[in-house]
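Next come the chains, spelled out residue by residue.
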Amino acid sequence: MLTDGYGRAVRYLRLSVTDACNFACAYCSPDRSARCAPGQECTAGELVQIAGALVRLGISGVRVTGGEPLLRPDILDIVSALRALDPRLDLSLTTNGFRLARLAQRLKEAGLGRVNISLDSLDPSAFKRLAGVEGLESVREGVAAALAAGLDPVKLNMVVVQGLNDAEIPAFASLTEDFPLHVRFIELMPMGSAAQALGPSRRVPLEAMMALAGPLEAVPQGDKPNGFGPAAVYRRPGAVGTLGFIAAVSGRFCETCNRVRVTSRGMLLSCLAAPEGHDLLPLLRAGANGAALEEAIRQAVAQKPSGHAFGGCSGARVGAGLGMCGIGG
Ligand code: SAM
Ligand code: SF4
């Protein structure tokens, strides 16, 4: 088992396969100057080698993310190679959904188990303001295709931004009454320049989100949809789907953190707020074998910090300065 210096078991990898994105979300907005130069991005084989070392060390869940992972032309090869690492692996993917309609069935066939789709508004003009592009209809089609393909569960991630989409919380909550969708309301994090430009006053506190989503009843542990995340899960009485709340800033879940992140340039981040990462790609390209890679990962995980301090910092220098689009959320 992989454990950090504080005795926490690390069981979950967020694997970013690209830092490119076709959206420019108001709170994420990819910094194009920070993009990988040609040759800096891991090949599919390199990403799978890193994930393989982590699986051998005891990781049981991998989430493929980005940037926008469905922009990667070899995404189906990556998913099937990850599946081949272990048939029991909890293999999931986070996407903005724009290209999902045409890929959902093939992702399922390649071995993907479940999907999170980021969707911040059900109104076309608010969607455009938040995502930076028109695309609500394509994302809706992506959600329908994910359900039809049997990806399960299908979660919708909504980053709640005061004044931009908080009034839509009740509409998102209503969706779960009739559809087997699992909506996650996420507190805005001060990661990168776009989120910082919005400012802390745009963050909607957990209690306010819950009041708008109600009425709510707690979901017992055994009925919660799969996941490794820190969401507190509820449902509206009689609803098919669930509602989760992720207090990404105000919550104190660092004590139970179980994850590491690997960026598309092969950098392992032991904490979202770590100021620096551990470069695995030079090792791989120098011909390191599996054992050497595992040892480098063990050493990086041993240095995982006890927790983040988003509440008290600007977020400017966290995440190795990469921003959410470079890290993968
Ligand atoms: N492009 C894909 C997507 O949007 O789902 C995957 C990458 S995105 C960086 C992963 C997750 O990070 C998304 O659910 C997104 O909403 C979330 N995210 C990005 N910036 C954030 C911020 N400042 N605060 C909270 N969540 C954020
Ligand atoms: Fe792109 Fe996802 Fe960031 Fe939006 S949240 S800009 S879709 S990486």
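Small disclaimer: the values here were computed from a predicted structure and weren't measured. (Residues numbered from 1 in each chain as written. Chains lettered and ligands numbered in written order. Predicted model: local features only at pLDDT ≥ 70, side-chain atom pairs only at ≥ 80, totals over all residues. Heavy atoms only, no water.)

Further remarks concern the packing of aromatic side chains. Following the criterion strictly, the structure yields four aromatic pairs and no others. When the ring of Phe-23 is compared with that of Phe-98, the centres are 5.9 Å apart and the planes differ by 75°; the resulting orientation is edge-to-face. Here Phe-23, found in the loop between strand E1 (12-16) and helix H1 (44-56), pairs with Phe-98, found in the loop between strand E3 (90-95) and helix H3 (100-110); they are 75 residues apart in sequence, far enough to count as distant. (Phe/Tyr/Trp six-rings, centres within 6.5 Å; stacked < 30°, edge-to-face > 60°. Helix = DSSP H or I, 4+ residues; strand = E, 2+ residues; numbered from the N terminus.)

Time to look at the site of ligand 1. In the region of ligand 1, 19 residues are neighbours, and Gly-67, Thr-94, Ser-118, Asn-157 and Met-189 sit closest. Between ligand 1 and Glu-68, the relevant distance is 3.3 Å, taken from a nitrogen atom to a side-chain nitrogen or oxygen of the residue. The separation between an oxygen atom of ligand 1 and a polar main-chain atom of Thr-95 is 3.2 Å. Out of a free accessible area of 540 Å², ligand 1 has 95% covered by protein chains. Residue assignment for the shell around ligand 1 shows that the elements contributing at least two residues are E3 and strand E5 (154-160). Residues belonging to the shell around ligand 1 are distributed by class as follows: seven nonpolar, ten polar and two charged. (Near = heavy atom within 4 Å. Polar contact = N/O pair within 3.5 Å; in protein donor to acceptor, adjacent residues only side chain to side chain. Areas by Shrake-Rupley, 256 points an atom, 1.4 Å probe, with all protein chains shown as cover. Nonpolar A, V, L, I, M, F, W, Y, C, P; charged D, E, K, R; others polar.)

All buried positions along helix H4 (residues 124-131) are accounted for by Ala-126, Phe-127, Leu-130 and Ala-131. Down the axis of H4, the smallest arc covering the buried residues is 120°, so these residues share one side. Across H4 from its buried face, at more than 90 degrees, point the exposed residues Pro-124 and Arg-129. On the buried face of H4, the contacting elements are helix H5 (136-149). Downstream of H4 by one or two residues, Gly-132 has phi in the positive range, about 80°. (Buried < 20%, exposed > 50% of the residue type's maximum accessible area, 1.4 Å probe, protein only. Arc of directions from axis to C-beta. Contact = heavy atoms within 4.5 Å.)

This part takes up the pairing of E5. Extensive coverage of E5 is indicated by the burial of seven of its seven residues. Residue alternation in E5 divides its side chains into two sets, Val-154, Leu-156, Met-158 and Val-160 and Lys-155, Asn-157 and Val-159, and both sets are buried. Summarising the sheet, strand E4 (residues 114-118) and E5 pair through four bridges and their orientation is parallel. The residue of E5 that forms the bridge with Asn-116 is Lys-155. Bridge count between E5 and strand E6 (residues 181-187): seven bridges; the pairing is parallel. Bridge pairing in E6 links Val-154 to Leu-181. Note that the unit made of E5, helix H6 (residues 169-178) and E6 has a crossover that is right-handed. (Pairing = 2+ DSSP bridges. Right-handed = clockwise from strand over helix to strand, strands pointing away.)

Worth remembering: the numbers are spatial, not functional.
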